[in-house]
Amino acid sequence: FYLNYIGGDSRMSFKDKTNEVLLELYNKEGLQNTIDVAHAMLQSATHKNNKHFLAHTHGEICESVLECIVMDYFKSFNLNKYGWFYKKGLILKDINNPDSGYFTELDLTVFTPQRIFAFECKSYGGDNRITDTCTIRRKSGSSFDVYEQHKKHFMVLADQLKPFRIINQQNALSTPYQLVLFDFSEGSTADERDTKNKLLMPCLNEKNVLNIFKTVYDAPIMWDINRVHKAMEIIEKHSEANREKHLKYVSQLREK
């Protein structure tokens with residue numbers, strides 16, 4: 001099923017096509033069937049020798065599953081009515097250093113009047129551990145500091161959101177942002193961090209990710225959400241045009 005779709009249109013990248021397939025499946029067959037198919041896609045041995053293909057495709061599977069879960073949650077509780085919205089794949093430019101050539105991409109961001117949730121999606125197969133602030137350590141010995149990377153990327157967005165922050169006595173102690181690691185993979189992930197770091201950047205999966213939104217049910221308003229929405233619409237319009245610049249920037253980093 002999946003391979004037939006992936007090969008169906010040469011004009012569309014395998015990343016875009018993966019997202020299209022899963023969203024179409026969700027609209028036709030619902031969330032659980034979509035998650036089941038996504039797991040089967042991760043288990044596929046096709047292209048097993050093409051690590052570049054697998055890394056990008058598995059990453060997109062992870063992002064698309066999260067998008068389907070968020071879409072389903074929004075529909076179930078009519079959250080758009082309350083100002084909630086989400087954006088996937090926002091490409092951002094560093095407004096503090098406009099000539100730096102720096103672009104970054106956020107996997108998926110959920111915006112609510114109470115808090116903004118920035119998700120970093122990872123799909124590392126096999127048995128993994130999470131240590132320190134939020135470092136993924138693989139059985140092979142390699143490691144990746146998710147928190148430092150994601151925080152750096154998210155701060156580019158945070159700088160652009162500052163004018164829309166509401167600060168008053170009621171919300172002085174509330175948290176305006178939440179960074180989240182979303183893990184959708186084949187294998188196990190043992191979270192060995194202390195409670196402080198687990199709260200700083202929770203590692204969640206398809207079974208428990210929706211729990212993070214419960215943290216805003218009784219939280220005070222932190223954002224002028226209408227203005228935030230307008231700003232994100234503008235950024236989204238520029239994201240596609242900036243995508244090629246972002247890929248070029250990333251490619252240059254890899255060559256160094």
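Since the structure is predicted, the reported quantities are computational estimates derived from the model, not experimental observations.

Peer 1: Just checking my understanding: could you explain helix H3 (residues 31–43) for this structure?
Peer 2: Counted at 1.5 Å a residue, the expected span for H3 with its 13 residues is 18 Å, and the 19 Å between its end C-alpha atoms agrees. All of the buried residues along H3 are Thr34, Ile35, Ala38, His39, Met41 and Leu42. Viewed end-on, H3 has its buried residues packed into an arc of 155°, placing them on one side of the element.

Peer 1: Help me out: how do you make sense of the packing of aromatic side chains in this one?
Peer 2: Any pair of aromatic rings gets described here by the distance separating the centres and the angle formed by the planes. Enumeration according to the criterion identifies 11 aromatic pairs in this entry. Measuring from ring centre to ring centre gives 6.3 Å for tyrosine 73 and tryptophan 84, while their planes differ by 55°; the resulting arrangement is tilted. Of this pair, tyrosine 73 sits in helix H4 (residues 51–77) while tryptophan 84 sits in the loop between H4 and strand E1 (85–93), and the two are 11 residues apart along the sequence. Of the two residues, tyrosine 73 and tryptophan 84, both sit in the buried class. Both rings, one in phenylalanine 74 and one in tryptophan 84, keep their centres 6.1 Å apart while their planes meet at 75°; by these two values the pair is edge-to-face. Placement of the pair is phenylalanine 74 in helix H4 and tryptophan 84 in the loop between H4 and E1, with a sequence separation of 10 residues. Like phenylalanine 74, the residue tryptophan 84 is buried in the burial classification. In textbook terms, an aromatic cluster arises when at least three aromatic residues are bridged by ring pairs, as seen for Tyr73, Phe74, Phe77, Trp84, Tyr86, Phe117, Phe119 and Phe213.

Peer 1: Sorry, what's going on with the packing of helix H2 (residues 14–29) against H3 here?
Peer 2: The description of two packed helices rests on the angle between their axes and on the distance between the axes. With their axes 7 Å apart at the nearest point, H2 and H3 run at an angle of 145° to one another. As H2 runs across H3, the sense of the crossing is right-handed. Contacts between H2 and H3 pair Thr18, Leu22, Leu25, Tyr26 and Glu29 from the former with Leu31, Asn33, Thr34, Val37, Ala38 and Met41 from the latter. Of the residues that constitute the contact of H2 with H3, the class distribution is seven nonpolar, three polar and one charged.

Peer 1: Please clarify how the sheet that holds strand E3 (residues 116–122) should be interpreted in this entry.
Peer 2: Within a sheet, each strand pairs with its neighbour through backbone hydrogen bonds, oriented either parallel or antiparallel. Strand order in the open sheet formed by five strands is E1-E2-E3-E7-E9, with mixed pairing between adjacent strands. Edge positions in the open sheet fall to E1 and strand E9 (203–204), since each of these has one partner strand only. Looking at chain direction, E1 and strand E2 (residues 103–111) are connected through eight bridges and run antiparallel. Of the residues in E2, the one forming a bridge with leucine 90 is leucine 106. Packing against the sheet, helix H5 (residues 146–161) makes contact with E1, E2, E3 and strand E7 (177–183), and its axis sits at approximately 145° to E3.

Peer 1: Would you mind showing me how to read the confidence of the model for the protein chain here?
Peer 2: Parts of the model with low pLDDT should not have their predicted coordinates read in detail. Here the protein chain averages 88 in pLDDT, while 86% of its residues score no lower than 70. Here residues 1–12 is a poorly scored stretch, pLDDT under 50, and it has 15 contacts once near neighbours within four places are set aside; other chains count.

Peer 1: How do you make sense of the sheet that holds strand E5 (residues 135–138) when you look at a structure like this?
Peer 2: Spatial strand order, E6-E5-E4-E8: four strands in an open sheet with mixed pairing. The strands lining the two open edges of the sheet, one partner per strand, are strand E6 (143–145) and strand E8 (187–191). The mean angle between the axes of side-by-side strands here comes to 20°, regardless of whether they run parallel or antiparallel. As paired strands, strand E4 (residues 126–131) and E5 are joined by four bridges and run antiparallel to one another. When the sheet's bridge partners are listed, isoleucine 130 is paired in E5 with isoleucine 136.

Peer 1: How should I be thinking about the pattern of salt bridges in this particular structure?
Peer 2: Any two side chains of opposite charge can pair, so long as their charged atoms come close to each other. Per the counting criterion, the structure on display carries 13 salt bridges. With its nearest N and O atoms 2.7 Å apart, the salt bridge here joins glutamate 60 to lysine 15. Here glutamate 60 is found in helix H4, whereas its partner lysine 15 is found in helix H2, with 45 residues between them in sequence. Glutamate 60 gets classed as buried once you look at its relative accessible area, which sits at 1%. Take lysine 15: its relative accessible area is 24%, and that puts it in the partly exposed class. Its salt-bridge partner being glutamate 60, residue lysine 88 comes within 2.9 Å of it at the nearest N-O pair. In this pair, lysine 88 sits in strand E1 while glutamate 60 sits in helix H4, placing the two residues 28 residues apart along the sequence.

Peer 1: Quick question: what am I supposed to make of the pairing of E4 here?
Peer 2: Here is the key point about a regular strand: its side chains alternate between the two faces of the sheet. Relative to E8, E4 is paired through five bridges, and the arrangement is parallel. Its bridge partner being in E8, isoleucine 130 is matched across the sheet by aspartate 191. Linking two consecutive strands that pair antiparallel, namely E4 and E5, is a turn of three residues; a positive phi of about 55° is found at aspartate 132 within it.

Parameters at a glance
- Residues numbered from 1 in each chain as written.
- Predicted model: local features only at pLDDT ≥ 70, side-chain atom pairs only at ≥ 80, totals over all residues.
- Heavy atoms only, no water.
- Helix = DSSP H or I, 4+ residues; strand = E, 2+ residues; numbered from the N terminus.
- Expected span 1.5 Å × (residues − 1).
- Buried < 20%, exposed > 50% of the residue type's maximum accessible area, 1.4 Å probe, protein only.
- Arc of directions from axis to C-beta.
- Phe/Tyr/Trp six-rings, centres within 6.5 Å; stacked < 30°, edge-to-face > 60°.
- Axes fitted to C-alpha atoms, helices over the stretch in contact; angles between N-to-C directions.
- Left-handed = near helix turned anticlockwise from the far one by under 90°.
- Contact = heavy atoms within 4.5 Å.
- Nonpolar A, V, L, I, M, F, W, Y, C, P; charged D, E, K, R; others polar.
- Pairing = 2+ DSSP bridges.
- pLDDT = per-residue confidence, 0-100.
- Salt bridge = Lys/Arg side-chain N within 4 Å of Asp/Glu carboxyl O.

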